[in-house]
Amino acid sequence: MILAPMILVQSFLAPGALALAAVHAADSVPADPSAQKLRADALVLQAAEVHVGDGTVFKPGLVILLDGKVVAAGQSLPLPAGANVIDCGNAVITPGLVDAACQLGTSALFGSAEQGSEVIPQLDMWDALDLYSKDFERLVADGVTTVFITGEASSVISAKGTAVKTGGPIGERRVAVKPIVKATLGPESSQRGAGNRSPSRFGGVNYTARRPTTRMGSAWVFRKAFHDAIAFRDAGKPSNDGLEPDAMRALADVLAGKTALRMQVREALDFYTSVKLADEFGLSFTYEYATEAAQCIDLLVARKLPVIFGPVRTTDSTFEQFEAAQPALDTARLLAEKGVPFCLTASDASGEGGLPRQAGVAIRNGLDRARALRAVTSDPAAMVGLEGRVGRLAPGLDADLVVWNGMPFDDTAKPVLVLIHGRPVLDLQGKFRKENS
Amino acid sequence: MVLSSLLAASLLAATTALGDSAAVRGGTILQPDGTRIEKGIVVIEDGKVTAVGGPETPIPAAATVLEADGKVVFPGMILAHTQVGLDIPNENMPIAPFVNVYDSIEPNSAEYEECLRTGITTVHAIQGNNTVIGGLSRIIRPQGDMVEYMTVRPDYALKISITPRNGFNRMTQLAELRRAFADLKAHVDAVAERRYEEEQKKKEEKVLVLPDEAAKQGLAHVTIDDLDARWRTLWRASKGEIPLFVHCDRAMDVSNGIAWLREAKLLEKAVFVVGTEAHKAAGALKQAGRPVILSGALVHKETDPLTGKESEVFVPKVFADAGLPFVLQPNGFAFNADGLLWYQAARCVREGVARDVALKSVTQWAADAIGMGDTLGSIAPGKWGNVAILSGDPLDQATVVEKLLLEGRLAYDRATDRRLKELATGQELAAPSAEAAPTAAPAAPAAPAAPATEPPAAPPAGGGSGSGK
């Protein structure tokens, strides 16, 4: 029905491409009771391997989809009579990938760099989002189906992020998430966006254009904003730095734990600054980027701080100039070994630097394959509180999945079919399905 | 010149012919055309492969045996056009055929070490594309503390760019190119006229012809030493003695380039170095029948000027579909996956290029492009013993180079790679000790008998001390 041209995926596959180390074939996920009364319009995908996203692998495997949701995944499942069964041959099925700290899809490169204030947690990235951006096609081509668009690093405390599906009808793209705001430490919030901020068009950032011009300045802005928010919350005192009441209310939500906090840091010293600042206000937070996480591994372990790690730059990037240091290539392996909760992000990169490649580079540098899959599916979903909605092929979750023509994240493999809500957004001919977008 | 050539030859010999032999045993020998020998044996004697075969292949008693059970044995890969390891790869003068990349090669460059780490055994060091006529290039092995010891072929090719250098437009670029050859002709004619007069004088005969005729008759007497040093290389190039690496960034540059090469009767010496947009000229390039080297960026991105529609084309697929061999380069030069030459090949397979085509594009076809197809590019008797022992299939992302043989000698061993740990883990290392260095004594090219303080024996003059003479 939906996949009208039923093309065998085998034709995309190189023979022997799926030679695998032994993977424990688990029993079927307990089937949803509704599977018993499945309608004949259910869609069944059958493949050499089905990776659920939580470490479970079915070889061979089946996934049953109905009404945009996963009904069940397993090795052998009762099929409704007359169901549309698509045999994907030697292909491998995974959940659609999830990026918990995506920086694509805003209308222009710095479209979300607010000049009015350093502290804008009352704003929403949703309002800067261009759902018609070509970025989303690129994400779909990478097999990424859900992204959390995180705040811009040019603000010390930036806007609330927003979660969207990368394909499907525009009206169904937004995914409700608990509010998350991001603070950026280090030189970025003072350096980034230099070209965007008049009146400093003749040089770098200076005090006429931007207040924090040093690491100390960024930390000060962070600290002062929360002090102002506390004074406003407790005594109704207005900010003498011009913070809007809404901004201070949003910060009060962070203090109250109603809004989650992230800290974007790159260099090792900023890891320590972020902990110090968080302790001053009793905040818990998640790291974003965390370029030099390997150097701060003891801190991460001791404080049990979750990390959204990446990206490892694999190609030139507009933002590369801000990379003070290349991350240690085996950071992901190290985080896994030390038991630090983490996931991977591709940030502003797609294609050669995209999420599958981030997983691939992590695997190349020692991360276990199954863990790498988790780090781009169920783990990032959990980081943004969407574990009940995406990131696994489990009953009741969204029918977002990727069919790969080889082992996922291999350099020679790529997504050949991507479904969001059970509808193809990248079809077997490699075309983006506009009718579903 | 003779002395220096001899010395150069002896240095080359010193790096290869140690009189010993090596054998790689037990691995899967993978050739660029996809053929495999399981549990194969490669025997290398005096730097050259003498036998390739199955487990029954005899190994000379004196051979050092490297065990490769469970490994993949693959030919050393080749950078057929690169500025890796060069200090300032572009000359500021637009017409500079008299400069020599010899002077830019930095033997200690970490990039050469990275070549070994990533399975590259041969490097064609050539100046950048920001030129009209660039200097002489050099084919080197990425190991050695002096350029002489690294040299495989000195003074190999010239860089010519059809795409405008900075500050030029396409018309000035082509005009400058033609003017350089016209200036060369004027200089050679003047020398030839003088040589005619000298010859007549020797014979005690009068100069009886007009200058044009004198130049024509005198040409036969002109030797390269008669010419101003600035013109010697270009003179050789104009006679078709030097390969030309012709940079054509865009499709229109390809057609301009082919037209100029035909005009100069030099098409047969050309190797095309093309940008991504040049895939639109795949037909013309195929007809030209010359090697094509692609840029590191393999995807051509374009916004249609009329419709505004963005499109992306995977360039190697276009060449593969056209049946035109191509050569890959890494994208940049880094220790992450994108900087790996074989990653570029893996990308090709991902985008639907046949596996053997992708493998050839980093080995055999690269060897062909630098005129060493009979010497390098696969593991075969008679070819050089440049062999990588890989942990797995070259197109598998987890694969690493475990050992690398450069003309039969162990040039790299991952087990003793001091810098690798720092690259991979960010851990700072203790001060290097001589024993721990990855390119320690047994691996480095054998030191010459002469003390290292002596100046290089073969300074490459414009005329060249090497292959051309």
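## Description of the overall build of chain B
The helix and strand inventory of chain B stands at 13 helices and 19 strands. Looking at chain B residue by residue over its 469 residues, the buried ones come to 54%. Sequence separation of at least 24 residues holds for 65% of the intrachain contacts in chain B that already meet a minimum separation of 6. Accessible area of chain B: about 19500 Å², with a carbon and sulfur share of 54%.

## Quick notes on the nonpolar core
Counting 112 residues, the largest nonpolar core has Ile133(B), Phe272(B) and Phe319(B) as the members making the most contacts within it. The element that contributes the greatest number of residues to this core is helix 4 (residues 170-202) of chain B, accounting for eight residues. Residues Val164(A), Leu334(A), Ala346(A) and Val425(A) belong to the second largest nonpolar core, which totals 82 residues.

## Quick look at the pairing of strand 16 (residues 310-314) of chain B
In regular strands, side chains alternate between the two faces of the sheet. Relative to strand 16 of chain B, strand 15 (residues 299-303) of chain B runs antiparallel, the two being bridged by five bridges. Among the inter-strand pairings, His300(B) is bridged to a residue of strand 16 of chain B, identified as Val313(B).

## Section: the side chain of Ser378(B)
Residues and elements named next belong to chain B. Here Ser-378 lies in the loop between helix 12 (364-369) and strand 17 (387-390). At 2.9 Å, the side chain of Ser-378 and the side chain of Lys-383 are in polar contact. Every residue in contact with Ser-378, bar those within four places of it in the chain, is listed here: Gln-31, Pro-32, Pro-75, Gln-364 and Lys-383.

## Here we look at the sheet that holds strand 8 (residues 133-136) of chain B
All names here are of chain B. An order of 8-11-12-13-14 is seen for the five strands of this open sheet, with the pairing classed as mixed. For this open sheet the edge positions go to strand 8 and strand 14 (292-294), each flanked by a neighbour on one side alone. The sheet shows a mean angle of 20° between the axes of neighbouring strands, taken without regard to direction.

## Considerations on the packing of helix 3 (residues 215-235) of chain A against helix 5 (residues 268-281) of chain A
Residues and elements named next belong to chain A. At a closest axis distance of 11 Å, the pairing of helix 3 and helix 5 adopts a crossing angle of 15°. Here helix 3 lies roughly parallel to helix 5, going by the angle between them. The two elements helix 3 and helix 5 meet at a crossing, and its hand is right-handed. Residues Arg-215, Ala-219, Phe-222, Arg-223, Phe-226, His-227 and Ile-230 of helix 3 pack against Leu-269, Asp-270, Thr-273, Lys-276, Leu-277, Glu-280 and Phe-281 of helix 5. Here the contact of helix 3 with helix 5 is composed, by residue class, of seven nonpolar, two polar and five charged.

## Comments concerning the environment of Gly89(A)
In this structure, Gly89(A) sits in the loop between strand 6 (84-87) and strand 7 (92-95). Considered as a pair, Gly89(A) and Val312(A) are 223 residues apart in the sequence and their alpha carbons are 33 Å apart.

## Comments concerning helix 10 (residues 341-350) of chain B
Residues and elements named next belong to chain B. Helix 10 sits mainly inside the fold: 10 of its 10 residues count as buried. Where helix 10 is concerned, the buried positions are Leu-341, Trp-342, Tyr-343, Gln-344, Ala-345, Ala-346, Arg-347, Cys-348, Val-349 and Arg-350. Positive backbone phi, at 100°, marks Gly-352, one or two positions downstream of helix 10.

## Quick notes on helix 4 (residues 245-255) of chain A
What helix 4 of chain A keeps buried is the set Ala247(A), Met248(A), Ala250(A), Leu251(A), Ala252(A), Val254(A) and Leu255(A). Where the residues of helix 4 of chain A are buried, they touch strand 10 (157-160), strand 13 (180-184), helix 3, strand 14 (260-265) and helix 5 of chain A.

## Things to note about unusual backbone geometry
Residue and element names in this part refer to chain A. In this structure, the amide linkage connecting Lys-59 to the following residue, Pro-60, adopts the cis form with an omega of -10°. Following the sequence through the fold, Pro-60 ends up in the loop between strand 3 (57-58) and strand 4 (61-66). For the bond running from Gly-310 to Pro-311, omega is 0°, close enough to zero to count as cis. In this fold, Pro-311 is placed in the loop between strand 16 (307-309) and helix 7 (331-337). In this structure, Tyr-289 takes a positive phi of about 70° despite not being glycine. On the secondary structure map, Tyr-289 appears in strand 15 (residues 286-289).

The rules we used
Residues numbered from 1 in each chain as written. Chains lettered and ligands numbered in written order. Predicted model: local features only at pLDDT ≥ 70, side-chain atom pairs only at ≥ 80, totals over all residues. Heavy atoms only, no water. Helix = DSSP H or I, 4+ residues; strand = E, 2+ residues; numbered from the N terminus. Buried < 20%, exposed > 50% of the residue type's maximum accessible area, 1.4 Å probe, protein only. Contact = heavy atoms within 4.5 Å. Areas by Shrake-Rupley, 256 points an atom, 1.4 Å probe, with all protein chains shown as cover. Core = buried A, V, L, I, M, F, W, Y, C linked by side-chain atoms within 4.5 Å. Pairing = 2+ DSSP bridges. Polar contact = N/O pair within 3.5 Å; in protein donor to acceptor, adjacent residues only side chain to side chain. Axes fitted to C-alpha atoms, helices over the stretch in contact; angles between N-to-C directions. Parallel < 35°, antiparallel > 145°, perpendicular 65-115°, else oblique. Left-handed = near helix turned anticlockwise from the far one by under 90°. Nonpolar A, V, L, I, M, F, W, Y, C, P; charged D, E, K, R; others polar.

Honestly, it's all geometry; don't read function into it.
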